[in-house]
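Read off the chains here:
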Amino acid sequence: MTFRTRFAPSPTGPLHLGHAYSALLAYDSAQTAGGEFLLRIEDIDQSRARPEWEAQIYDDLGWLGVVWETPVMRQSDRMAAYDTALDTLWNRGLLYPCHCSRADIAAAASAPQEGAPLLGPDGIIYPGTCRPNQPCTGPRPRDIPLRLDMARACVDLDWPLHFVEEGNGTDEIIAFSAKDMIETVGDIVLARRDMGTSYHLSVVIDDAAQGISHVVRGLDLIGATPIHIMLQELLDLPHPTYHHHRLIRDDTGKRLAKRDDARAIKLFRDEGASPSDILAMAKP
Ligand code: GLU
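So, a few notes on the structure that sits alongside this text. (Residues numbered from 1 in each chain as written. Predicted model: local features only at pLDDT ≥ 70, side-chain atom pairs only at ≥ 80, totals over all residues. Heavy atoms only, no water.)

Comments concerning the pairing of strand E8 (residues 161–165)
Okay, so step 1: Every second residue of E8 is oriented toward a common face, the buried set being Leu161, Phe163 and Glu165 and the non-buried set His162 and Val164.
Okay, so step 2: Taken together, E8 and the strand that follows it, strand E9 (residues 172–176), pair antiparallel across an intervening segment of 6 residues, in which Gly169 is found at a positive phi of about 90°. (Buried < 20%, exposed > 50% of the residue type's maximum accessible area, 1.4 Å probe, protein only. Helix = DSSP H or I, 4+ residues; strand = E, 2+ residues; numbered from the N terminus. Pairing = 2+ DSSP bridges.)

Overview of the site of the ligand
Okay, so step 1: The environment of the ligand is made up of Arg6, Ala8, Pro9, Ser10, Glu42, Tyr199, Val203, Arg217 and Leu221.
Okay, so step 2: One of the side-chain nitrogen or oxygen atoms of Ser10 is found 3.2 Å away from a nitrogen atom of the ligand.
Okay, so step 3: With respect to the ligand, the side chain of Tyr199 contributes an N or O atom lying 2.9 Å from an oxygen atom.
Okay, so step 4: Starting from 300 Å² of accessible surface for the ligand in isolation, the protein chains cover 79%.
Okay, so step 5: A breakdown of the residues in the shell around the ligand according to their chemical character gives 5 nonpolar, 1 polar and 3 charged. (Near = heavy atom within 4 Å. Polar contact = N/O pair within 3.5 Å; in protein donor to acceptor, adjacent residues only side chain to side chain. Areas by Shrake-Rupley, 256 points an atom, 1.4 Å probe, with all protein chains shown as cover. Nonpolar A, V, L, I, M, F, W, Y, C, P; charged D, E, K, R; others polar.)

Thoughts on the sheet that holds strand E2 (residues 36–41)
Okay, so step 1: An order of E1-E2-E3 is seen for the 3 strands of this open sheet, with the pairing classed as parallel. Two strands close off the open sheet at either side, each with one partner strand: strand E1 (4–7) and strand E3 (73–74).
Okay, so step 2: Taken together, the 4 bridges between E1 and E2 define a ladder with parallel strand orientation. When the bridges of E2 are listed, Arg6 appears paired with Leu38.
Okay, so step 3: This element, helix H2 (residues 51–64), spans E1, E2 and E3 of the sheet and lies at about 160° to E2. (Contact = heavy atoms within 4.5 Å. Axes fitted to C-alpha atoms, helices over the stretch in contact; angles between N-to-C directions.)

A word on the packing of aromatic side chains
Okay, so step 1: Per the stated rule, a full pass over the model turns up 5 aromatic pairs.
Okay, so step 2: Note on Tyr96 and Tyr126: the rings are 6.5 Å apart at their centroids and 40° apart in plane angle, and the pair reads as tilted. Here the residue Tyr96 occupies a position in strand E4 (residues 95–97), and Tyr126 occupies one in the loop between strand E6 (123–124) and strand E7 (146–148), the gap between them amounting to 30 residues.
Okay, so step 3: Given a relative accessible area of 5%, Tyr126 falls into the buried group.
Okay, so step 4: Residues Phe163 and Tyr242 carry aromatic rings whose centres are separated by 5.7 Å and whose planes lie at 75° to one another, so their mutual orientation is edge-to-face. One end of the pair, Phe163, is in strand E8; the other, Tyr242, is in strand E12 (residues 241–245), and 79 residues separate them in sequence.
Okay, so step 5: You can call Phe163 buried: its relative accessible area is 3%.
Okay, so step 6: Taking the ring centre of Tyr126 as reference, the NZ or CZ of Arg147 above it sits at 3.8 Å. (Phe/Tyr/Trp six-rings, centres within 6.5 Å; stacked < 30°, edge-to-face > 60°. Lys NZ or Arg CZ within 6 Å of the ring centre and 35° of its normal.)

See below:
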């Protein structure tokens, strides 16, 4: 099997040291394995994606010495593929429209009889307010968020599911049950109102479309990986191997985020840092 990995930044802010680490780790893994390194621009959130951030991504990665296969995949060009997958899930009765606002969800989840609201990978676990008793039929609605009916989606799969995690230097098998998915993930949104898709759906479809054999990404996303494995099963897509790497933290131990512009690669560059300086900072 060809080793093929990718770096999948969202063009919603500057790349920082954490991104440099992720990109270089993926790139080095591909080099070591004699495989391929691909780039994917995750720009489904058109309200936040900016062409200038995308241009900066190419510029910073090129400056770091990373070389990627062309053409680059851009998620905003891939809506037809996401629509097809949503149709498949809808036609199997696994999706339902959700009318709840964030405030409705917070209120329902913190009602006295519910105890403290439980948090999943996407925030508060949906309390099920809009979940229908019977699978939805008819044409798929377009202008409203669609949630995955997790319990229904679990029915036909072979449990437990698992993925292979290489982040600790060995092939670790991480298994999870239908009960885990229902209780700790719940009915996640697969089509967001403003996007017509979601991170989870798009990432799974595009990793398959790009033939990704190894996903290298930060540990902040390991909680989302069972969702991705489950979607791969539901959509009959292959499972890559995963490598979730440690996160780069700032001096106070806080994880770097896009808003931490102080750690932007561009700023270090402007101050005269060389790619090997960035490498040293990103890989202590
Ligand atoms: N686009 C995501 C991010 O910038 C990465 C998703 C992934 O690697 O699966 O955090």
